[in-house]
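An overview of the molecular structure
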Amino acid sequence: MEIFDVYSLLDLEPVKAQGSYVFCDDGNRYLDFYGGHAVISIGHSHPHYVDKITEQLNNIGFYSNSVQNPLQQQLAAKLGELSGYDDYQLFLCNSGAEAIENALKMASFHNGKSKVISFNKAFHGRTTSALNITDKDAYTAPINQSSEVVFLKMNDLEAVEAEISQGDVCAVVLEPVQGIGGIRLFEDSFLQQVSQLCQAHDVVLICDEIQSGFGRTGKFFAHQHAGFKPDIITLAKGMGNGFPVAGTILSPDFEAKHGRLGSTFGGNHLACAAATAVLDVIKDEQLIEHAAQIGGQLLDALADLPQIKEVRGRGLMIGLEFPFPIKELRHRLIEEEHIITGIASDPNVSRLLPPLTISEKEANQFATAMQNLLTEHQPQ
Ligand SMILES: Cc1ncc(COP(=O)(O)O)c(C=O)c1O
């Protein structure tokens, strides 16, 4: 049997990883400014994380959601405390797309409507409802067009108001900082006003924090920079530092009924151990404050490079827009500087999503490497 060939692969084969580094079979060590696609939050193979998962596996790795599992409540309590959402409720699942499916389903159960407002360049995952609200035709099969969705321009309040005033909108879904779309930020004032509009018209506001959450932007959730509370928040990626775990957080207004949501693997013992260990490290090592500080310094250093058209982001979620496609630059970063970076849907944008643990020295190493390559770069 062969692997179904759907990924464009880098010529790298990691065999070990530690902290901010990935060690490949070519004998080289690479600085990970991609974080395995925004997944590595507390650094690779953090000792506390390894210990907690190992300890859990030696006790019990899995049992179904038909028995008591106090680890879920322990995780929810820690998440509530660290995120400031201690009065919200957590449903655990396994991937970002699932977290979005559950969010949309609960929104629709809640107000009985089905039309969704999404935004240009949004990415929410590859299951049916998630793809329906993702702005990428190439990924969407006819069967994914499951309900009415409108894609609006980011920060266009009038357009949101016009749609919502029609009375048939179930939910507004947005990534407070768009990830795959190229690290594009919603304005704080726009988010605050959308939140008010949603409240006034019985529309559920869903913040997709799958990429921007878990401290990456220098707050636990990116929307907290704007100081409002959405009705539902989705989580994944950094939540498990590589262990597949995801969640949908719902405000107290949502009533839980047995059978409405469910998952075989969601919230299993190992997943809870992994996610709880991540929260322990985020708290103990003050990684949210660290991400804000190092990210701020890095944003400033990169903004000084004249070859970059625009530097965008918050904390350690950074997008660099160049006046040329970055494909060659990305390969040169890997081959000459041994640094891995991410891409975005815009071929001119480089995405930086390092572990939240990166040191000032590693951030400087990245800025210097970028400067070196750009000084030599002759855009075609
Ligand atoms: C903002 C956002 N939402 C949803 C998803 C989908 O997550 P998953 O691949 O875990 O299904 C992603 C993945 O990149 C994402 O960045």
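Here's a quick rundown of the structure.

Quick notes on the rules
Residues numbered from 1 in each chain as written. Predicted model: local features only at pLDDT ≥ 70, side-chain atom pairs only at ≥ 80, totals over all residues. Heavy atoms only, no water. Near = heavy atom within 4 Å. Polar contact = N/O pair within 3.5 Å; in protein donor to acceptor, adjacent residues only side chain to side chain. Areas by Shrake-Rupley, 256 points an atom, 1.4 Å probe, with all protein chains shown as cover. Nonpolar A, V, L, I, M, F, W, Y, C, P; charged D, E, K, R; others polar. Core = buried A, V, L, I, M, F, W, Y, C linked by side-chain atoms within 4.5 Å. Buried < 20%, exposed > 50% of the residue type's maximum accessible area, 1.4 Å probe, protein only. Helix = DSSP H or I, 4+ residues; strand = E, 2+ residues; numbered from the N terminus. Domains from an automatic or database assignment. Contact = heavy atoms within 4.5 Å. Pairing = 2+ DSSP bridges.

**Some points on the site of the ligand**
Close contacts around the ligand come from 13 residues, with Gly96, Ala97, Asp208, Gln211 and Lys237 the closest. Side-chain polar atom of His37 to an oxygen atom of the ligand: 3.5 Å apart, as the coordinates give it. For the ligand, a nitrogen atom lies 3.5 Å from a polar atom in the backbone of Phe123. Isolated, the ligand exposes 390 Å² of accessible area, and the fraction of that covered by the protein chains is 83%. Here the shell around the ligand is composed, by residue class, of four nonpolar, six polar and three charged.

**Regarding the nonpolar core**
With 58 residues, the main nonpolar core has Phe214, Leu298, Leu302, Leu320, Phe322, Phe366 and Met370 as its most contacted residues. Top element by residues in this core is helix H8 (residues 269-284). It accounts for 10 residues. Taken together, domain 1 (14-46 + 286-376) and domain 2 (47-284) each give at least three residues to this core, which thus spans both. Those residues in contact with Phe214 that lie beyond four places of it in its chain are Leu79, Phe220, Leu235, Gly238, Met239, Val278, Leu279, Ile282 and Leu356. Core analysis: the second largest hydrophobic core is formed by 23 residues, Ala97, Met106, Ile206 and Ile210 among them.

**As for the side chain of Lys115**
Mapped onto the secondary structure, Lys115 falls in strand E5 (residues 115-119). A distance of 2.8 Å separates polar atoms of two side chains, one belonging to Lys115 and the other to Glu163. Not counting the four nearest positions on each side in its chain, Lys115 is found in contact with Glu148, Val150, Glu163, Gln166, Asp168, Val169, Cys170 and Ala171.

**Here's the deal with the pairing of strand E2 (residues 21-24)**
Bridge count for strand E1 (residues 14-18) against E2 is four bridges, and the pairing is antiparallel. Following the sheet pairing, Pro14 is matched in E2 by Cys24. The antiparallel pairing of E1 with E2 creates a hairpin that spans two residues between the two strands, and Gly19 there sits at a positive phi of about 60°. Two strands pair when backbone bridges link them, and E2 and strand E3 (residues 29-32) are joined in this way by three bridges, in the antiparallel orientation. Paired with Phe23 across the strands is Arg29, a residue of E3. Linking E2 back to E3 in an antiparallel pair, the connection comprises four residues, with Gly27 at a positive phi of about 85°.

**Some words on unusual backbone geometry**
Phi at His37 is positive, roughly 70°, even though this residue is not glycine. Relative to the elements of secondary structure, His37 occurs in helix H1 (residues 35-38). Of the residues examined, His37 reaches a relative accessible area of 22% and is grouped as partly exposed. A positive phi angle, near 55°, is found at Asn241, a position not held by glycine. Tracing the backbone shows Asn241 in the loop between strand E11 (232-235) and strand E12 (246-250).

**Description of the pairing of strand E6 (residues 149-152)**
Only one face of E6 is buried, namely the one carrying Val150 and Leu152, since none of Val149 and Phe151 on the opposite face is buried. One ladder, built from four bridges, connects E5 with E6; its direction is parallel. By the bridge assignment, Ile117 is partnered in E6 with Val150.

**Some words on the sheet that holds strand E17 (residues 349-352)**
Strand order across the open sheet formed by four strands is E13-E14-E17-E16, with antiparallel pairing between neighbours. A strand with exactly one partner marks an edge of an open sheet, and here the two such strands are strand E13 (310-314) and strand E16 (342-343). Note that strand E14 (residues 317-321) and E17 share four bridges and pair antiparallel. Across the sheet, the residue bridging to Leu320 is Ser350, located in E17.

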